[in-house]
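# An overview of the molecular structure
Chain by chain, the residues run as shown.
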Amino acid sequence: MTGRRWMLRQSDERAGLALSQRLDIPEIVGRVMAARGISLEGAEQFLDPTLRNALPDPASLIGMDVAAERLVTAIRDGEPLAIFGDYDVDGATSSALLARFLSAVGVPARVYIPDRITEGYGPTTPAMLRLRAEGIKLLITVDCGTTAFEPLEAAGDAGLDVIVVDHHVAEPALPRAISVVNPNRLDDTSGQGALAAVGVTFLYAIATNRLLRESGWYTEQGLKEPDLLALLDLVALGTVCDVVPLVGVNRAFVSQGLKVMARRRNPGLVALADVARVDSKLSEYHAGFLLGPRVNAGGRVGDAPLGAQLLMTQDETEATEIARRLDGYNTERKEIEARVQEEAMEQVESSDLSAALILAAGEDWHPGVIGIVAGRLRERFNRPAFVIGLDGDTGKGSGRSIEGVDLGSIVIAARQAGLLLNGGGHKMAAGLTVARDKLEDLHAFMNERVAQDVASNEVVPTLRIDGAMALSGVKPEFVAALEKLAPFGSGNAEPRFAFTSVRVAKADVVGANHVRCFLTDSSGGRLKAIAFRSVGEPLGDALLDKTGLGLQLAGKLRPDNWQGRNDVQFIIDDAARL
């Protein structure tokens, strides 16, 4: 129903059986692990990821030692410091983490989060000069700065030292800075390119802390050395929300960070979980779909610094107030998003649907929601999508990609070709600023590049399936065994199963556009299921069809612990007629 080809994940059945016997888990869970390349030797580390085994030496990142040494000098000399962060969750968590670390070592730092609408993404020359005029001597950019050539040149001319801590795709040339710490620099050999910016920032804090300890700072100042592990809740949140691969150290960051988050020690995260009505064990789902969007909401439609401010505060009353404001902004964001999505969808459906890249542009589309709408278009049409909000002579756009198409590199190529005023990103997401009269040329350029990537990488819209089941085989114990493979995300996809012959016993619409239903099959099983955002789509129509025709369904099995029950719910991703 969604236009994707269902493909079984390939795995070595003998390896899956060996894993199930060694670990005493169901055979199908062993096959799921084998399909993800988990060996017998790496199984224990996969199931119990620890920083002790996964954390890289921060010094392995090129420029890290120079950056740490410069920050230690600033701390010792009492230089006024500032942190310049992006307005998304990765930027907010990076900014809050570094600010909390500096506060713990006895040094306050000014945190500057730009306004998405009036300032745009990343460092700008006016912001650099403003910070220098305030007396700032050292500025650290987090989750931005790698391609901010002109603003950082202006900062240097004004006497402002800049350290860049980032993870976005880099060009051969780097901006003027004391150091650019970015595992995606072309000359970086650390192998840590999958890190989110908050992960790089955490390594930066470790490197700086090490130098402070070795220099005797904590003894001199009578300070207790900061507990850096207590900051892992921020690392987990930023890592999940930036949709980086949950492999290697990222898996350990999220696994351990969720444990820290569950202790409810960060007043901002506690208030956010409460306002989001999270009443079960915190998981990567809660981080990515309930907490993250609210942190993001300030930067999207409200007050940009609110997200970082919430994550930095130690005041419970302030945290509660900010969380409520962000929740309100999130509701406003949903309303704006719905309008822009409707207009963008109509525009795309009336255009050339054979294009390799979907591009929609509209007047006064709010910059805070265009990235989300681009993601919706990607899901609907199974191809990379850009959504651009036009205002006067320019437009600001956000794009979302598919596996096999490096969107960040395509945007950088477009900027180098003179088609963009600004732009950058990473493989799966990118942003840009374009002159209105360049839109047609830009679409043609990017469409050609995307088509080349699709052809060379043999990209086909697919839905990966881990196995087929009967409804009677779905038990809470089985789902609990699957949960041991969490955290799930990019690089460790949540297991997806197919039910090859089921009927919808009952279905109705819940919420704004979700379809809830109950499934039955010939095995005598019965299962509660839901298809999110499916009303008005072929998938939703099939589930609501009262003729009782048989269906094949694909989706994910999750625990249903609502009001203390021990049950299972099926999240439907796709359907096909029998």
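Every chain begins its residue count from 1, and numbering advances along the sequence as written. In keeping with the predicted nature of the model, local features appear solely for residues at pLDDT of at least 70, side-chain atom pairs appear and are counted solely at 80 or more, and the whole-chain, interface and lining totals rest on all residues. Side-chain numbers come from the whole structure's heavy atoms, not from hydrogens or water.

Bringing the overall build of the protein into the picture now. Under the DSSP-based scheme used, a helix requires at least four consecutive residues in state H or I and a strand at least two consecutive residues in state E, with every element numbered from the N terminus. Of regular secondary structure, the protein possesses 21 helices and 18 strands. Along the longest, intermediate and shortest principal axes, the C-alpha atoms of the protein span 75 × 55 × 45 Å. Burial analysis of the protein (578 residues in total) assigns 55% to the buried set. A contact between two residues is defined here by any heavy atoms of the two lying within 4.5 Å. Sequence separation of at least 24 residues holds for 67% of the intrachain contacts in the protein that already meet a minimum separation of 6. Under the scheme applied here, a residue whose accessible area is under 20% of the maximum for its type counts as buried, over 50% as exposed, and between as partly exposed, the area being computed with a 1.4 Å probe on protein chains only.

The next point concerns the pattern of salt bridges. In what follows, salt bridge is the name for a side-chain nitrogen of Lys or Arg lying within 4 Å of a carboxyl oxygen of Asp or Glu. Applying the stated criterion across every chain yields a total of 29 salt bridges. Its salt-bridge partner being R325, residue D303 comes within 3.9 Å of it at the nearest N-O pair. In this pair, D303 sits in the loop between α14 (284-301) and α15 (306-312) while R325 sits in helix α16 (residues 316-349), placing the two residues 22 residues apart along the sequence. Linking R376 and E337 is a salt bridge whose minimum nitrogen-to-oxygen distance equals 3.3 Å. Of this pair, R376 sits in helix α17 (residues 370-381) while E337 sits in helix α16, and the two are 39 residues apart along the sequence. Through salt bridges with shared partners, a single ionic network connects R9, R36 and D466.

Attention now goes to the sheet that holds strand β7 (residues 358-363). When DSSP locates at least two bridges between a pair of strands, those strands are taken to pair. Sheet architecture is open: 5 strands sit in the order β7-β8-β9-β11-β10, paired in mixed fashion. Pairing within the sheet leaves two strands with one partner each, and these edge strands are β7 and β10 (422-425). Neighbour-to-neighbour, the strand axes of this sheet turn through a mean angle of 15 degrees, independent of strand direction. In the sheet, β7 pairs with strand β8 (residues 385-391) via 6 bridges, with the strands oriented parallel. Following the sheet pairing, L359 is matched in β8 by F386. Only C-alpha atoms enter the line fits that serve as axes; for helices the fit covers just the stretch in contact. Angles between N-to-C directions range over 0 to 180 degrees. Lying on the sheet, helix α18 (residues 407-416) is in contact with β8, β9 (394-400), β10 and β11 (429-435); it crosses β10 at an angle near 160 degrees.

Alternating positions in strand β12 (residues 462-465) separate cleanly, L463 and I465 being buried on one face and T462 and R464 remaining unburied on the opposite face. Where strand β1 (residues 5-8) lies against β12, 4 bridges are found, and the strand directions are parallel. Each residue of the ladder has a partner; that of L8, found in β12, is I465.

Right, let's talk about the packing of aromatic side chains for a bit. Geometry of aromatic contacts follows a simple scheme: Phe, Tyr and Trp rings, the Trp one being its six-membered ring, pair when their centres are within 6.5 Å, and the pair is stacked under 30 degrees between planes, edge-to-face over 60, tilted otherwise. A complete count under the given rule lists 5 aromatic pairs for this structure. By the criterion adopted, a ring carries a charge over it if an Arg CZ or a Lys NZ lies within 6 Å of its centre and within 35 degrees of its normal. Between the NZ or CZ atom of R251 and the centre of the ring of F46, over which it lies, the distance is 3.7 Å. Here the basic side chain of R380 rests over the ring of F381, its NZ or CZ set 5.2 Å away from the ring centre.

So, on to unusual backbone geometry. Of note, the amide linkage connecting A486 to P487 takes the cis form, showing an omega dihedral of 5 degrees. The topology assignment puts P487 in the loop between α20 (476-483) and β14 (497-510). At D24, a position not held by glycine, the phi torsion is positive, near 55 degrees. Phi at E458 is positive, roughly 50 degrees, even though this residue is not glycine.

Now for the environment of L519. Mapped onto the elements of the fold, L519 is located in strand β15 (residues 514-520). The class of L519 is buried, set by a relative accessible area of 0%. Put simply, L519 and G540 are 21 residues apart on the chain and 14 Å apart in space, counted from C-alpha to C-alpha. Once you skip the residues sitting within four places of it in the chain, L519 turns out to touch L471, R503, V504, G525, R526, L527, A529, L553 and F570.

Bringing the packing of helix α6 (residues 89-104) against helix α11 (residues 232-241) into the picture now. In a pair of packed helices, the angle between the axes and the distance between the axes together describe the arrangement. In the contact formed by α6 and α11, the axes pass within 8 Å of each other and the chain directions differ by 160 degrees. Judged by the inter-axis angle, α6 sits roughly antiparallel to α11. Seen along the crossing, α6 lies across α11 with a hand that is left-handed. Between α6 and α11, the residues in contact are V89, D90, T93, A96, L97 and R100 and L234, V235, L237, G238 and C241, respectively. The cut-offs work like this: below 35 degrees is roughly parallel, past 145 is roughly antiparallel, 65 to 115 is roughly perpendicular, and the gaps in between are oblique. The handedness criterion is simple: a crossing whose near helix is rotated anticlockwise from the far helix by less than a right angle is left-handed, and one whose near helix is rotated clockwise is right-handed.

Think of a nonpolar core as a cluster: buried Ala, Val, Leu, Ile, Met, Phe, Trp, Tyr and Cys residues, connected wherever their side-chain atoms sit within 4.5 Å. Core analysis: the largest hydrophobic core is formed by 99 residues, its most contacted members being F101, L102, V105, Y204, L237 and L377. In terms of residue count, α16 provides more of this core than any other element does, 10 residues in total. With residues up to four places along the chain from it excluded, the contact list for L237 reads V89, T93, M261, L269, A287, L291, G292, V295 and L311. Core analysis: the next-biggest nonpolar cluster, separate from the first, contains 41 residues, I28, A34, A507 and C517 among them.

For the rest of this paragraph, the subject is the sheet that holds strand β2 (residues 81-85). The strand order β3-β2-β4-β5-β6 describes an open sheet built from 5 strands, whose pairing is parallel. A single partner strand is all that each edge strand has here, and the edge strands are β3 (110-112) and β6 (179-181). Here the average twist between neighbouring strands, direction ignored, is 20 degrees. When strand β5 (residues 161-165) meets β6, the two strands line up parallel, connected through 3 bridges. When the sheet's bridge partners are listed, I163 is paired in β6 with S179. Across the sheet, α6 lies against β2, β3 and β4 (138-142), angled at about 165 degrees from β2, the strand it touches most.

Looking at helix α1 (residues 13-23), one finds that the buried residues are G16, L19 and S20. One side of α1 carries all its buried residues, which in axial view fall inside an arc of 95 degrees. Facing away from the buried side of α1, by more than 90 degrees, are the exposed residues R14, Q21 and R22. Close packing links the buried residues of α1 with α2 (27-35) and α3 (43-47). Immediately beyond the C-terminal end of α1, within one or two residues, lies D24, with a positive phi of roughly 55 degrees. By construction, the arc corresponds to the directions joining the helix axis to the C-beta atoms.

Before going further, it helps to spend a moment on the side chain of R383. With respect to the helices and strands, the residue R383 is situated in the loop between α17 and β8. Side-chain polar atoms of R383 contact the backbone oxygen of L353, separated by 2.5 Å. As used in this structure description, the phrase polar contact means that two N or O atoms lie within 3.5 Å; if the pair is within protein, one of them must be able to donate a hydrogen and the other to accept it, and residues adjacent in sequence are counted only when both atoms belong to side chains. A distance of 3.1 Å separates a polar atom in the side chain of R383 from the backbone oxygen of F381. Contact partners of R383, with chain neighbours within four places excluded, come to L353, S354, A355, A356, I358, R378 and I402.

Taken by themselves, the reported measurements are silent on function.
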